[in-house]
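# Commentary on secondary and tertiary structure
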Amino acid sequence: QSCQSFSPCLTAHPHRAFIIDPYVKFKLEGKQFYKSKVVYKSLNPRWNESFSHAIRDREHNVELRVYDKNRTADEFMGSTCISLTNLELYKTYEMDLPLEDSKSKEDDMGIIGVEVCLMHRDATIKKGPVRRKASSTFKLVIFKSVRLAKTLSTRNQMWSGVFRITLVEGQDLPPSSNGDVYVRFRLGDQKYKSKNLCIQENPQWREEFDFNKFEDNQELQVEVFSKKGRKGEESWGIFEIDLSKLALNESQLYTHMLNPGKGKLVFLVILLPCWGVSISDVESSTLANPEEKDAIIEKFSLRNCHHCVGEVGFLQVNIIRANELPSTDINGKTNPLCVVELGNCKLQTTTSYKTGNPEWNQAFTFPIKDINDVVELTVLDENGDKSPNFLGKVAIPLLSVQNGQQMCLYLKKENLERTAKGTITLQVDVIYNKVRAGIRTFQPKESKLIEENLKINKKILARNIYRVRKISTAVLYTLQYIKSCFQWQSTQRSLMAFLIFLVTVWHWDLFMLPLFLLLLIGWNYYQLSTGKASSNQDLVSNENLSEPGKKGLMDKIHMVQEVVLVVQTSLEEVANMGERIKNIFNWSVPFLSSLACLVLFVATVLLYYIPLRYIVLIWGINKFTKKLRKPYSIDGNEMLDFLVRVPSDVQKVRVQFYIQIGRKKQNTLKIHLK
């Protein structure tokens, strides 16, 4: 058994205009065994590290991969290999190895110099990498132009495809009377955690999620956990799947064995194509080109609804500038950058150094998977080797975007409830197909891949209780109103209700139910168009909510933390559901209210012409045969999937939906702007 030693140090080209944050990964037989530290903001970084690693033989080459550390996706800067076949023992070799990148148009990617010594393994050398002060150095010199550095940074933020993963089931798992089982997936920095299921022999998850495909990392890591109690977690097995050889649009079923006696895990992976992701200057953006803009408009026109049903629309965000950003450094300097997020997709601008009024003038494009998504822009202060400082954030619903209009928005705090210092100037354009968007609205919503660390929050608990109380008060008021009709408190009202009841019961048919809801939504539309009601009159004011309890209360309820978390989440779900139903009728989002009107109208026609028993029969046959026709299908509730898209009152506070209904309201808005 032999041991190889490396001593890394990097020196960058002195004429480079872009500051890099480089580090090196060392791989053997496809597995990483050492990663150097990151040297931040330096044109001449030096690591001063050395380490040793045990090897079984000399047949495999050592791969060195150089990266530039970025917030969204690390930039691949080139790779090279060290052949161990012809190395003599106890002899130090100085090598100058050229960096290579098959996807780069540059011929000269730089040179990496290493010092390597091969020796018999000493019993005093511990397994794994050991950091210690270097007695010698190995040099890495990168010769690149400014243009190449910018191209690489742009390219490595973008993804070339999407891995759609379907977690199907577990097989032959050890049964248990208590406890839960869940699965964690990881692909690079992307993470997903499945829902918890009670431990049984064949748990059925039926969950689907997407991971973006980056060229430098395609190793999918899967781990199964069992959980008993608050801290009793046990790993039942961990394995890695190489997705680099998966063909486009090809579905691969994996059935992988877990630890001995722990059963198997079954999941599907399919590689889907991706389009519409780009970073460019505003002047050379996609929609700035008339031909490309016309092609996109044609692609998402109504006459092309039957083509590419999964592609809902196209988003372009032009980030112009930011002004009056706060200084987080004691020297009064700020290094701002802006991160743009749409769902689980993320891109970022370049960093503007030492300024509180950065000029970015960059355009970002995304494919729209769900027209009900919200695009978020977060302004950060780059802080060297520390985490970036938060400066401000804005959130814009895609359905409220007015194309072609440049906006100057105030930045908000991280929770989007209060205003922060500074503004950001941008322009957002959305092009989408309404038919595809409507179909997508009734399908399961994509879940966030970022895992939230759930903790007890007294403010959220008090707010959720207040929201449930408000909804329950409205329900009680309605019941009291109906009760007053029976008690004849108002003769005119009770007589009218009695006549309506007789006519409805005598001529009742099921089509009258969606017709009644359609009329109710239409009545609210009339109220809004005439200015007699406002869709924003019931917004929740979080500042008025009390915050019960003292700080010491958190320690007292630590023993029942999980119970309180369940109560907190349940209250929020109940409040969200009630508020979303109310906001459909209030026309808070005209697209969703119009879509509800369309669905109710279609349901009215179908129920009028088709007997109910036939509809129920078709529904039952579909439910019983669904598993036979599509064994790996994802169960979903179309009604709940639609309601998830409707904003709750809290979301309306954080992200304002603007609507213009009727000429009267438009004229009022113009006067206000003057």
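The rules behind each value
Residues numbered from 1 in each chain as written. Predicted model: local features only at pLDDT ≥ 70, side-chain atom pairs only at ≥ 80, totals over all residues. Heavy atoms only, no water. Helix = DSSP H or I, 4+ residues; strand = E, 2+ residues; numbered from the N terminus. Buried < 20%, exposed > 50% of the residue type's maximum accessible area, 1.4 Å probe, protein only. Contact = heavy atoms within 4.5 Å. Areas by Shrake-Rupley, 256 points an atom, 1.4 Å probe, with all protein chains shown as cover. Pairing = 2+ DSSP bridges. Axes fitted to C-alpha atoms, helices over the stretch in contact; angles between N-to-C directions. Phe/Tyr/Trp six-rings, centres within 6.5 Å; stacked < 30°, edge-to-face > 60°. Lys NZ or Arg CZ within 6 Å of the ring centre and 35° of its normal. UniProt positions renumbered as here; feature names shortened; annotations may be inferred. Expected span 1.5 Å × (residues − 1). Polar contact = N/O pair within 3.5 Å; in protein donor to acceptor, adjacent residues only side chain to side chain. Parallel < 35°, antiparallel > 145°, perpendicular 65-115°, else oblique. Left-handed = near helix turned anticlockwise from the far one by under 90°. Nonpolar A, V, L, I, M, F, W, Y, C, P; charged D, E, K, R; others polar. Patch = residues over 30% accessible without salt bridge, like charges linked within 9 Å, V, L, I, M, F, W, Y side chains within 5 Å. Salt bridge = Lys/Arg side-chain N within 4 Å of Asp/Glu carboxyl O.

## Considering the overall build of the chain
When helices and strands are counted, the chain shows 13 helices and 29 strands. Out of the 674 residues belonging to the chain, those deemed buried represent 43%. Summarising the internal contacts of the chain: among those between residues at least 6 apart in sequence, 69% fall at separations of at least 24. Here the chain displays about 37500 Å² of accessible surface, and carbon together with sulfur accounts for 55% of that area.

## Focus: the sheet that holds strand β12 (residues 161-171)
Taking strand neighbours across the sheet as the criterion, the four strands line up as β16-β12-β20-β19 in an open arrangement whose pairing is antiparallel. Two strands in the sheet have a free side with no partner beyond their single neighbour: β16 (204-213) and β19 (251-257). Taken pair by pair, the neighbouring strands of this sheet meet at an average axis angle of 20°, ignoring direction. Note: β12 against strand β20 (residues 264-273), 10 bridges, orientation antiparallel. Across the sheet, residue Val-162 finds its bridge partner in β20, namely Leu-272.

## Notes on the environment of Lys-369
For Lys-369, the location among the structural elements is in the loop between β25 (359-368) and β26 (374-381). Note on Lys-369: relative accessible area 23%, which makes it partly exposed. Residues Lys-369 and Val-312, spaced 57 residues apart in sequence, show a C-alpha to C-alpha distance of 5.6 Å. Leaving out residues up to four positions away in the same chain, Lys-369 has contacts with Asp-210, Val-312, Arg-440 and Glu-446.

## Quick word on the sheet that holds strand β3 (residues 22-28)
The strand order across the open sheet built from four strands is β4-β3-β6-β7, with neighbouring strands paired in antiparallel fashion. Of all strands in the sheet, those with a lone pairing partner are β4 (31-35) and β7 (75-82), marking the two edges. The mean inter-strand angle of the sheet, taken between neighbouring strand axes irrespective of direction, is 25°.

## With respect to the packing of aromatic side chains
Taken as a whole and assessed by the stated rule, the structure comprises 22 aromatic pairs. Geometrically, the ring pair formed by Phe-26 and Phe-33 is tilted, given 6.2 Å between the ring centres and 50° between the ring planes. Overall, Phe-26 belongs to the buried group, its relative accessible area being 0%. Taken together, Phe-185, Tyr-192, Phe-209, Phe-211, Phe-239, Tyr-254 and Phe-267 form an aromatic cluster joined through their ring pairs. Note that Lys-35 overlies the ring of Tyr-23, its terminal NZ or CZ placed 4.7 Å from the centroid. Across the ring face of Phe-225, the terminal group of Arg-184 is positioned such that the distance to the ring centre comes to 5.9 Å.

## Structural notes on the UniProt feature "transmembrane region" (unreviewed entry) in the chain
With numbering aligned to this structure, UniProt lists the feature "transmembrane region" (unreviewed entry) at residues 495-523 and 587-610. With 83% helix and 0% strand, residues 495-523 has end C-alpha atoms that lie 22 Å from one another. Helix makes up 83% of residues 587-610 and strand 0%, and the two end C-alpha atoms of the span are 30 Å apart.

## Some points on the side chain of Thr-378
On the secondary structure map, Thr-378 appears in strand β26. By relative accessible area, which is 8% here, Thr-378 ends up buried. Beyond its immediate chain neighbours, meaning those up to four positions away, Thr-378 contacts Leu-337, Cys-338, Val-339, Glu-341, Phe-390, Gly-392 and Lys-393.

## Digging into helix α6 (residues 512-529)
One turn of an α-helix holds 3.6 residues; hence residues three or four places apart share an orientation. Helix length check: α6 (18 residues) gives 25 Å between terminal C-alpha atoms against 26 Å at 1.5 Å per residue, within 8%. Every buried residue of α6 is listed here: Pro-514, Leu-518, Ile-521, Asn-524, Gln-527, Leu-528 and Ser-529. Among the residues trailing α6, Gly-531 stands out with phi positive, at a value near 80°.

## A short note on the side chain of Gln-190
By the element assignment, Gln-190 lies in strand β14 (residues 190-193). Separated by 2.8 Å, the side chain of Gln-190 and the backbone nitrogen of Asn-212 make a polar contact. With near-sequence residues (within four places) excluded, Gln-190 lies in contact with Phe-185, Phe-211, Asn-212, Phe-214 and Leu-449.

## Description of the packing of α6 against helix α9 (residues 590-609)
Running from N to C, α6 and α9 point in directions that differ by 150°, and their axes come no closer than 8 Å. With respect to α9, the element α6 is oriented roughly antiparallel. For the pair α6 and α9, the sense of crossing is left-handed. Side by side, α6 and α9 meet where Pro-514, Leu-515, Leu-517, Leu-518 and Ile-521 of the first sit next to Ala-596, Cys-597, Leu-600, Phe-601, Ala-603, Thr-604 and Leu-607 of the second. When grouped by side-chain class, the residues that make up the contact of α6 with α9 number 11 nonpolar, one polar and no charged.

## A closer look at a nonpolar patch on the surface
A cluster of nonpolar residues, Leu-598, Phe-601, Val-602, Val-605, Leu-606, Tyr-608, Tyr-609, Ile-610 and Tyr-614, forms a patch on the protein surface that exposes about 910 Å² of accessible area. Sort the elements by how many residues they give to the nonpolar patch and α9 lands first, with seven residues.

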